[in-house]
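Take a look at the letters that make up each chain.
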Amino acid sequence: MRIGILGGTFDPIHYGHIRPAMEVKQALALDKVLLMPNHIPPHKQQPNITTAQRLKMVDDVCQQLDGFELCDIEAKRNTPSYTVITLEKLNNLYPTDELFFIMGMDSFIQLQSWYQWQRLFDFAHIVVCQRPGWQLDVSHPMQQILTARSQGSLERPASYKQKNCGLIFPVTVTPQDISSTQIREQLAQGVIPTNLLMPITLDYIQNQRLYLP
Ligand SMILES: Nc1ncnc2c1ncn2[C@@H]1O[C@H](COP(=O)(O)OP(=O)(O)OP(=O)(O)O)[C@@H](O)[C@H]1O
Ligand SMILES: O=C(O)c1ccc[n+]([C@@H]2O[C@H](COP(=O)([O-])O)[C@@H](O)[C@H]2O)c1
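Note that this is a predicted model, so its numbers are computed, not measured.

Asker: Is there a simple way to think about the overall build of the protein chain in this case?
Answerer: The number of helices and strands found in the protein chain is eight helices and six strands. The C-alpha atoms of the protein chain give 17 Å as radius of gyration, which agrees with the globular expectation for 213 residues (17 Å, within 12%). Buried residues in the protein chain amount to 35% of all 213 residues. Considering only intrachain contacts with a sequence separation of at least 6, the fraction spanning at least 24 residues in the protein chain is 75%.

Right, here's the structure in full:
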């Protein structure tokens, strides 16, 4: 199976997560996509809402979308949600499957600051989606890494030859200028961001009275 994984803080989950994941699923003919809320975000402040609340919102979305599943592997770990640790575990759980870790351009540009980032390629492919406001400059070090690991590269990385992982797939998705920060700010000001979230997420936020000032 070809399995996509979108990791995130999902505080809250929005269409800027969901639509790119759907478009990547289609573009790369993935069999399913796992949406994976982190527990202790490595590079962000701990959210004000609980991991259980973020998990519930992601689970609600998965229930409504074909081919999407909640992955709670990071929620169950009480250490920083380093992706390399997670991918190593998922690689053991799915030894015969091909894993595709999906991220927006903001994450990709900062990838060299991730814990043991080079080992990510030992366990999965990386899929990069554009995100408004984030452009990979031709002189950026990640550009060279992208070129060397892209599917058309003449020299396939060793990890690809051994285990079918380690490539980078840039996927063109419909640009959406949406962020969780923007949604939290709108809700705190009493604005209801109807077009940015799935209705089921908005219902949960309102029932639980989340993100109020
Ligand atoms: N609008 C978007 N377009 C493309 N990718 C996105 C978008 N929003 C989030 N992502 C990607 O989804 C993943 C998880 O993002 P995250 O849950 O941190 O959302 P966020 O909106 O960036 O949150 P915050 O505003 O709180 O920083 C990251 O890889 C990020 O790049
Ligand atoms: O492994 C790391 O060092 C690392 C650093 C920053 C982010 N991540 C992961 O990248 C995903 C998106 O992160 P974020 O902070 O944009 O929500 C999420 O799964 C995080 O756990 C991972």
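Asker: What is the right way to read the site of ligand 2 from this model?
Answerer: Taken together, 15 residues lie near ligand 2, and G7, T9, N38, W114 and Y115 sit nearest. Within the residue set of the shell around ligand 2, elements represented by two or more residues are β1 (2-8) and α3 (83-93). Here the residues of the shell around ligand 2 sort into six nonpolar, eight polar and one charged.

Asker: I would appreciate a short explanation of helix α1 (residues 15-27) in the present structure.
Answerer: Helical geometry: 3.6 residues make up each α-helical turn, so side chains three or four residues apart lie on a common side. The end-to-end C-alpha distance of α1 is 18 Å, a good match for the 18 Å that 13 residues give at a rise of 1.5 Å each. Among the residues of α1, those classed as buried are G16, H17, I18, P20, A21, V24 and K25. Along its buried surface, α1 packs onto β1, β2 (32-37), α2 (51-64), β4 (98-104), β5 (125-129) and β6 (168-171). Looking one or two residues beyond α1, the residue adopting positive phi is A29, at roughly 50°.

Asker: In this structure, what is going on with the site of ligand 1? I would like to understand it.
Answerer: As a structural note, the neighbourhood of ligand 1 is formed by 18 residues, with G8, G16, G104, S180 and T181 the closest of them. The set of elements that each furnish at least two residues to the shell around ligand 1 consists of α1, β4, α4 (105-109) and α7 (180-188). Here the residues of the shell around ligand 1 sort into five nonpolar, 10 polar and three charged.

Asker: Could you clarify how one ought to interpret the sheet that holds β2 in this entry?
Answerer: Each strand in a sheet pairs with its neighbour through backbone hydrogen bonds, running either in the same direction (parallel) or in the opposite one (antiparallel). Pairing is parallel in the open sheet, where six strands are placed in the order β3-β2-β1-β4-β5-β6. The open sheet terminates on both sides in strands that have one partner only, identified here as β3 (68-70) and β6. Sheet twist, expressed as the average angle between the axes of neighbouring strands with direction ignored, equals 25°. As paired strands, β5 and β6 are joined by four bridges and run parallel to one another. Its bridge partner lying in β6, I126 is registered against I168. Against the sheet, α1 engages β1, β2, β4, β5 and β6, with an angle of about 165° to β1.

Asker: Is there a simple way to explain unusual backbone geometry in this structure?
Answerer: What is expected of a backbone is that most residues other than glycine have negative phi and most peptide bonds are trans. Cis geometry is found at the peptide bond from D11 to P12, where omega equals 5°. Along the chain, P12 falls in the loop between β1 and α1. One non-glycine residue, A29, lies in the positive phi region at around 50°. Counting through the fold element by element, A29 comes out in the loop between α1 and β2. Residue Y211 is not a glycine yet carries a positive backbone phi of 60°. Tracing the backbone through its elements, the reader meets Y211 in the segment after α8 (199-208).

Asker: Explain the environment of N91 to me, please; I cannot follow it from the model alone.
Answerer: Considering the arrangement of structural elements, one finds N91 in helix α3. Placed 29 residues apart in sequence, N91 and L120 show a C-alpha to C-alpha distance of 11 Å. If sequence neighbours within four positions are ignored, N91 has contacts with L99 and F123.

Rules used throughout
Residues numbered from 1 in each chain as written. Chains lettered and ligands numbered in written order. Predicted model: local features only at pLDDT ≥ 70, side-chain atom pairs only at ≥ 80, totals over all residues. Helix = DSSP H or I, 4+ residues; strand = E, 2+ residues; numbered from the N terminus. Rg over C-alpha atoms; globule rule 2.2 N^0.38 Å. Buried ≥ 20, exposed ≤ 12 C-beta atoms within 10 Å, placed from the backbone. Contact = placed C-beta atoms within 7 Å. Near = placed C-beta within 6 Å. Nonpolar A, V, L, I, M, F, W, Y, C, P; charged D, E, K, R; others polar. Expected span 1.5 Å × (residues − 1). Pairing = 2+ DSSP bridges. Axes fitted to C-alpha atoms, helices over the stretch in contact; angles between N-to-C directions.

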